[in-house]
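What follows is each chain in one-letter form.
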Amino acid sequence: AQSVTQLGSHVSVSEGALVLLRCNYSSSVPPYLFWYVQYPNQGLQLLLKYTTGATLVKGINGFEAEFKKSETSFHLTKPSAHMSDAAEYFCAVTRGGGSQGNLIFGKGTKLSVKP
Amino acid sequence: EPEVTQTPSHQVTQMGQEVILRCVPISNHLYFYWYRQILGQKVEFLVSFYNNEISEKSEIFDDQFSVERPDGSNFTLKIRSTKLEDSAMYFCASSEGQWADQPQHFGDGTRLSIL
């Protein structure tokens, strides 16, 4: 069985500050990991994904995430927050080894950016 | 950029009534999915669909739910006799294939309110 835990339902940062959104996963098989972003009244947009290979993955809008198997983590970071980053962020996991299967999501973290 | 479109954006229905939520996946995509998000809770997988049949479904997807691809473009989710607890945001997604390098693209969702 697989699961995702996102620490912190709400994170607030100042514009220009580091963004760190935490995600830990549980999986009995090698996972595929994803971060999605949801802006108000919109659907889920893929930010980045990890499947195999390089453990540091870069996504859109300057975000990146690092897969750490020893820590079962896939935290999302951005060096400098922008007002437009305010949104809700979802970490998701699916089984690896080929077919992605259905996505299992975390509860989401709402990011606020203060001017 | 092609996108998944969902209609209506908001559906209000009396308890016990049937409701059909509609989705138009991206045109060259072959895999289709429904997810739901009850207010304040996780996004949960309902069902995946490929080659005109259900390929995977969750425990939530009981006999009250059905999916259909009635023509070459639409993908629908039907709830036969709605319950109060069906109130949620329903997301449709599609992917070109089932591999993780072919990620799922989401629509903006339909907010279903059961009275």
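How each quantity is defined
The residue numbering used here restarts from 1 in each chain and proceeds along that chain's sequence as written. As a convention, the first chain written is A and the first ligand written is 1, with the rest following in written order. Predicted model: local features are reported for residues with pLDDT of at least 70 only, side-chain atom pairs are reported and counted for 80 or more only, and whole-chain, interface and lining totals are derived from all residues. Note that the side-chain values use all heavy atoms of the structure and ignore hydrogens as well as water. It only takes one pair of heavy atoms within 4.5 Å for two residues to be counted as in contact. Summed over both partners, the accessible surface that disappears when two parts come together, traced with a 1.4 Å probe, is what is meant by buried area. Salt bridges are identified by distance alone: a Lys or Arg side-chain nitrogen within 4 Å of an Asp or Glu carboxyl oxygen. By definition, any uninterrupted DSSP run of H or I lasting at least four residues is a helix, any uninterrupted run of E lasting at least two residues is a strand, and each is numbered from the N terminus. Under the convention adopted here, Pro, Cys and the residues Ala, Val, Leu, Ile, Met, Phe, Trp and Tyr are nonpolar, Asp, Glu, Lys and Arg are charged, and Gly plus all remaining residues are polar. The pairing criterion for strands is at least two bridges between them, as found by DSSP. To get an axis, a line is fitted to the C-alpha atoms, and for a helix only the part in contact is used. The angle between two axes follows their N-to-C directions and goes from 0 to 180 degrees. The definition of a polar contact used here is a pair of N or O atoms within 3.5 Å, where within protein one atom must be able to donate a hydrogen and the other to accept one, and adjacent residues in sequence count solely through side-chain atom pairs. The criterion for an aromatic pair is that two Phe, Tyr or Trp rings (for Trp, the six-membered ring) have centres within 6.5 Å, with stacked assigned to planes under 30 degrees apart, edge-to-face to planes over 60 apart and tilted to the rest. Between buried and exposed lies partly exposed: a residue is buried under 20% and exposed over 50% of the maximum accessible area for its type, with that area taken using a 1.4 Å probe on protein chains only.

Engineer: Explain the interface of chain B and chain A to me, please; I cannot follow it from the model alone.
Structural biologist: The accessible area lost on association of the parts is a frequent measure of interface size. With 20 residues of chain B at the contact, the number on the chain A side is 23 residues. Of the roughly 1800 Å² buried where chain B meets chain A, counting both sides, 56% is carbon and sulfur surface. Between chain B and chain A we count zero salt bridges in total. Those elements that place two or more of their residues in the side of chain B that touches chain A are β4 (31–37), β5 (43–50) and β9 (88–95) of chain B. No other element matches the three residues that β4(B) contributes to the side of chain B that touches chain A. For the side of chain B that touches chain A, the class distribution of residues is nine nonpolar, seven polar and four charged.

Engineer: What is the right way to read the sheet that holds strand β8 (residues 75–79) of chain B from this model?
Structural biologist: All names here are of chain B. Reading across the sheet, the four strands line up as β1-β3-β8-β7 and stay open at both edges, with antiparallel pairing between neighbours. Unpaired on one side and paired on the other, β1 (5–7) and β7 (65–68) mark the two borders of the sheet. With direction set aside, neighbouring strand axes in the sheet form an average angle of 20 degrees. The sheet contact formed by strand β3 (residues 19–24) and β8 spans five bridges and is antiparallel. Residue pairing across strands places V19 opposite I79, the latter belonging to β8.

Engineer: Please explain the sheet that holds strand β8 (residues 73–78) of chain A as it appears in this structure.
Structural biologist: Pairing between the strands of a sheet is mediated by backbone hydrogen bonds and can be parallel or antiparallel. Residue and element names in this part refer to chain A. If you trace the five strands from one edge of the open sheet to the other, you get β1-β3-β8-β7-β6, paired in antiparallel fashion. Among the strands making up the open sheet, the edge pair consists of β1 (3–7) and β6 (56–58). Going from strand to strand, the sheet's axes swing by 20 degrees on average, the running direction of each strand aside.

Engineer: How should I be thinking about the side chain of Q38(A) in this particular structure?
Structural biologist: By the secondary structure assignment, Q38(A) is in strand β4 (residues 31–38). A polar contact of 3.1 Å, which involves the side chain of Q38(A), links it to the backbone oxygen of Q42(A). Non-local contacts of Q38(A), meaning those with residues more than four positions away in its chain, are made with G43(A), L44(A), A87(A), E88(A), F90(A), Q37(B) and F91(B).

Engineer: Even after reading the chapter, I still don't get the packing of aromatic side chains, so can you show me in this structure?
Structural biologist: How two aromatic rings sit relative to each other is set out by the distance from centre to centre and by the angle between their planes. For the structure on display, the rule yields 18 aromatic pairs over all chains. Geometrically, the ring pair formed by F105(A) and Y35(B) is edge-to-face, given 5.7 Å between the ring centres and 85 degrees between the ring planes. Of the two residues, F105(A) sits in strand β10 (residues 104–105) while Y35(B) sits in strand β4, which places them in two different chains. Classification of F105(A) as buried rests on a relative accessible area of 1%. A network of ring pairs unites the aromatic residues F34(A), Y36(A), F90(A), F105(A), Y33(B), Y35(B), F45(B), F91(B) and F106(B) as a single cluster.

Engineer: Would you take a moment to explain the pattern of salt bridges for this structure?
Structural biologist: Pairing between side chains becomes possible if they bear opposite charge and their charged atoms approach one another. Residue and element names in this part refer to chain B. Counting across every chain of the model gives four salt bridges over all chains. Two residues, K78 and E18, come together in a salt bridge whose shortest N-O distance is 4.0 Å. One end of the pair, K78, is in strand β8; the other, E18, is in the loop between β2 (10–13) and β3, and 60 residues separate them in sequence. Exposure remark for K78: the relative accessible area of 26% places this residue in the partly exposed category. The salt bridge partner of E44 is R36, with a shortest N-O separation of 3.4 Å.

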